[in-house]
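Chain and residue survey
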2 protein chains.
Amino acid sequence: MLPRLLVRSPTSFFTRFRTLRTMAAPITVNVAVIGVGLVGSEFISQLLGLPQPSPFKLISLTSSSRTLFSPSAPLAPGVDWKAALAASSEKPDLANLTEQLAALVSPQQKVAIIDNTSSDDVAARYPAWLEKGINVVTPNKKAFSGDVALYDALVGATAKSGAKCFHEATVGAGLPVISTLKDLVATGDKILKIEGVFSGTMSYIFNEFSTGAAGGPAFSAVVKEAREKGYTEPHPADDLNGADVARKLAILARVAAPARDAKLPKLGSFADVATKSLIPAPLEGVKTGDEFVARLPEFDGEFTGLREEASKAGEVLRFVGVVDAVKGEVKAGLERYSSTHPFATALGGSDNIIMFHTERYSPRPLIVQGAGAGAAVTAMGVLADLLRLA
Amino acid sequence: MLPRLLVRSPTSFFTRFRTLRTMAAPITVNVAVIGVGLVGSEFISQLLGLPQPSPFKLISLTSSSRTLFSPSAPLAPGVDWKAALAASSEKPDLANLTEQLAALVSPQQKVAIIDNTSSDDVAARYPAWLEKGINVVTPNKKAFSGDVALYDALVGATAKSGAKCFHEATVGAGLPVISTLKDLVATGDKILKIEGVFSGTMSYIFNEFSTGAAGGPAFSAVVKEAREKGYTEPHPADDLNGADVARKLAILARVAAPARDAKLPKLGSFADVATKSLIPAPLEGVKTGDEFVARLPEFDGEFTGLREEASKAGEVLRFVGVVDAVKGEVKAGLERYSSTHPFATALGGSDNIIMFHTERYSPRPLIVQGAGAGAAVTAMGVLADLLRLA
């Protein structure tokens, strides 16, 4: 049977079409980008690459040294936006930008700020933006993993104004992690435990260092190579301290907190996550990455010892994060997993893997896996969030 | 630094709050459920379990034998909806229901029909519903995998009216499969290949039958046990013919078709998917499941032979589906995978696993894995879609 639509006359069809268009007028989303580094540039490129006409108007760019605000002549596909920004003589002034953007908010026009920085100062402005009806989309972890007063303020502001604050790319970059967790929570599933390898750097290091086989490269050699490939921060201690993982766990714990029967502690900040740093105590406070890498071999014995113990038991070492909503624990550290566990068998490269153990996904979890860092996949996570606003 | 919001006076705060509430008035979504079987009942239970007040009003239920339409007194949490439906004397009349629901569509009120049936007749009505501004959310695969005229009509109707047609649960139930693919496509990624184990039944059968070790149970014994556990359709041929997998592949191929540089054939229907059925030729057309299972042992030798060939090569057998956007192929069938491949190591139970190979997720794919069938996770997929409407 053909659907009725196909046998309607073109006239009645068109009449209805016009009626409904009037009801749901297309909404314009004015987009202001703050931060035009690696992720910001890739985001702009993906945004301007959307099929045209798109509902988005790129009306503002802000770098650390200058700003461009051009609502009447948005940056169009094909434009040299770097040159346009460089040609602007305006210094960045977020207070002024806020007022300019707030003036554009109306029932027909949305405004979205894309924060592609990792700045605490920018993050602190989210509640004020949201309160004014400006949407916020960001891969910046600071607001969601930092001081709980800021987090509560931004959640409160979204509830009051209806503006959205989307941050899928703060955990796992473009992987569907936050959205999946939100869906589980919102549809009434009971979250039991979220566990995973949340750091691409840690993933790479331990996938190389601990394969389950006896022997293998020295820990310091793996870290050195990872640094040379650009997989670590310039100072590898910034990865090995586990803070990045702790921040992601704080974000997940906060998103999971409203779930049915969840027994999660109210985290003051990511510093409340029980995090076992991998930095050898004598290397705490070493100032430069070069010195850190030069001295790390002194501690290879300890890491080799852990690896040997694990491999004798048929296990591997992985730096994992756990949000346990039954025990009420949020923790990050080096753990041992059987060589047949997905953390041992399924991981490779610098993949993230996240397992959601829930009442519905039990005994086998819902798993999301893939590259969890990099400009292209991070920008994709941001843009996918932005598309949900339109 | 505390965000500004925290130091504003309560008065200015409240004033702003009221202003914004006026701008973004909360929208009511009137929900009409068609199909109140396993998935439908679970969906209603999840919907009525949402935190109150919720934007959703459950105003209509339709089973195969009766219908309830009660916009002035929606079904509330705690109500015995089965009794309410049983007490209705109205026979189901979808044409009448359509008119009743269409009359409720307004800028302040949305209407969503939840089709929890697997009916072709219900699916054929989607374009007419969408055209009238009624949103459709469904786990019913028929409209998305059937006749391309129906599919094109519903896509056209959404584009014209602005009404949404969400169907996450048609592939992988509650797993984020369609939404992930849509995000990849919409943000401009190039889809190379989607491959996966898309049938929970096929997953269970081959996880049991082909573990990579030499020997193992007879194929017919595994099928018999799966049927006794309720993992197969009453007639196992309805699983072994691969049609369910072909339908899911047709859905993915259609969603992926608009992707950058995708070379995908325009499928007339799921019947155009190159599907290698596992039904032994002499058993084609066997009428009952009982007879099918009784005669299946005659063909155990063939399956054992395939398993032996595979295990000698260090491989396992899996029934997989592939959407290859580079070669332009869409196909389903039994394939061999190395014992170290995730399809061999990561799968268990009746899990689905879906790998997205894209330009951004390359060389390692984005992977989603977990239970891909069952009332609770299917209803969750439907409800998560519905939540996006509010």
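Structure first, text after, so check above.
In this report, we go over the structure that sits alongside the text. Quick caveat: nothing in here was measured; it's all calculated off a predicted structure. (Residues numbered from 1 in each chain as written. Chains lettered and ligands numbered in written order. Predicted model: local features only at pLDDT ≥ 70, side-chain atom pairs only at ≥ 80, totals over all residues. Heavy atoms only, no water.)

With that settled, consider the sheet that holds strand β4 (residues 109-115) of chain A. A sheet is described by the order of its strands in space; here six strands give the open sequence β3-β2-β1-β4-β5-β6 (chain A), paired in mixed fashion. The strands lining the two open edges of the sheet, one partner per strand, are β3 (67-69) and β6 (165-166) of chain A. (Pairing = 2+ DSSP bridges. Helix = DSSP H or I, 4+ residues; strand = E, 2+ residues; numbered from the N terminus.)

All names here are of chain B. By the secondary structure assignment, Lys 266 is in the loop between α13 (243-256) and β8 (274-275). Linking Lys 266 and Val 137, residues 129 residues apart in sequence, is a C-alpha distance of 24 Å. Once you skip the residues sitting within four places of it in the chain, Lys 266 turns out to touch Val 148 and Asp 152. A distance of 3.2 Å separates the side chain of Lys 266 from the side chain of Asp 152, its partner in a polar contact. (Contact = heavy atoms within 4.5 Å. Polar contact = N/O pair within 3.5 Å; in protein donor to acceptor, adjacent residues only side chain to side chain.)

What follows covers the nonpolar core. Formed by 166 residues in total, the largest nonpolar core has its most connected members in Tyr 126, Ile 194 and Phe 206 of chain A together with Tyr 126, Ile 194 and Phe 206 of chain B. Once residues within four sequence positions are removed from consideration, Tyr 126 of chain B is found in contact with Asp 115, Val 136, Thr 138, Asn 140, Ala 143, Phe 144 and Leu 154 of chain B. (Core = buried A, V, L, I, M, F, W, Y, C linked by side-chain atoms within 4.5 Å. Buried < 20%, exposed > 50% of the residue type's maximum accessible area, 1.4 Å probe, protein only.)

In this section: helix α10 (residues 200-209) of chain B. Of all 10 residues that make up α10 of chain B, nine are buried, and the element is covered over most of its length. One side-chain oxygen at the N-terminal end of α10 of chain B lies 3.3 Å from the backbone nitrogen of Thr 201 of chain B; it belongs to Ser 199 of chain B.

The next thing to look at is the packing of helix α10 (residues 200-209) of chain A against helix α11 (residues 219-228) of chain A. When two helices pack together, you describe them by how their axes are tilted relative to each other and by the distance separating the axes. All names here are of chain A. With their axes 10 Å apart at the nearest point, α10 and α11 run at an angle of 135° to one another. Judged by the angle between their axes, α10 and α11 are oblique. Here α10 and α11 pass one another in a crossing that is right-handed. Contact with α10, carried on its side by Tyr 204, Ile 205, Phe 206, Glu 208 and Phe 209, involves Phe 219, Val 222, Val 223, Glu 225 and Ala 226 of α11 and no other residues of that element. (Axes fitted to C-alpha atoms, helices over the stretch in contact; angles between N-to-C directions. Parallel < 35°, antiparallel > 145°, perpendicular 65-115°, else oblique. Left-handed = near helix turned anticlockwise from the far one by under 90°.)

Let us look at the sheet that holds strand β6 (residues 165-166) of chain B. All names here are of chain B. Strand order in the open sheet formed by six strands is β3-β2-β1-β4-β5-β6, with mixed pairing between adjacent strands. Of all the strands in the sheet, just β3 (67-69) and β6 have a single pairing partner and so form its edges. Of the strand pairs in this sheet, strand β1 (residues 28-34) and strand β2 (residues 56-62) are connected by six bridges, and their pairing is parallel. Along β2, the bridge assignment pairs Val 31 with Leu 58. Against the sheet, helix α2 (residues 38-48) makes contact with β1, β2 and β4 (109-115), and its axis sits at roughly 160° relative to β2, the strand it touches most.

The tally for this structure, following the rule as stated, stands at 35 salt bridges over all chains. In this structure, the salt-bridge partner of Glu 298 of chain A is Arg 295 of chain A, at a minimum N-O distance of 3.3 Å. By relative accessible area, which is 53% here, Glu 298 of chain A ends up exposed. What makes Arg 295 of chain A partly exposed here is its relative accessible area of 28%. Between Glu 228 of chain B and Lys 224 of chain B there is a salt bridge, with the nearest N and O atoms lying 3.3 Å from each other. One end of the pair, Glu 228 of chain B, and the other, Lys 224 of chain B, are both in helix α11 (residues 219-228), four residues apart, so they sit about a helical turn from each other. Because the salt bridges share partners, they merge into one network encompassing Lys 141, Asp 244 and Lys 248 of chain A. (Salt bridge = Lys/Arg side-chain N within 4 Å of Asp/Glu carboxyl O.)

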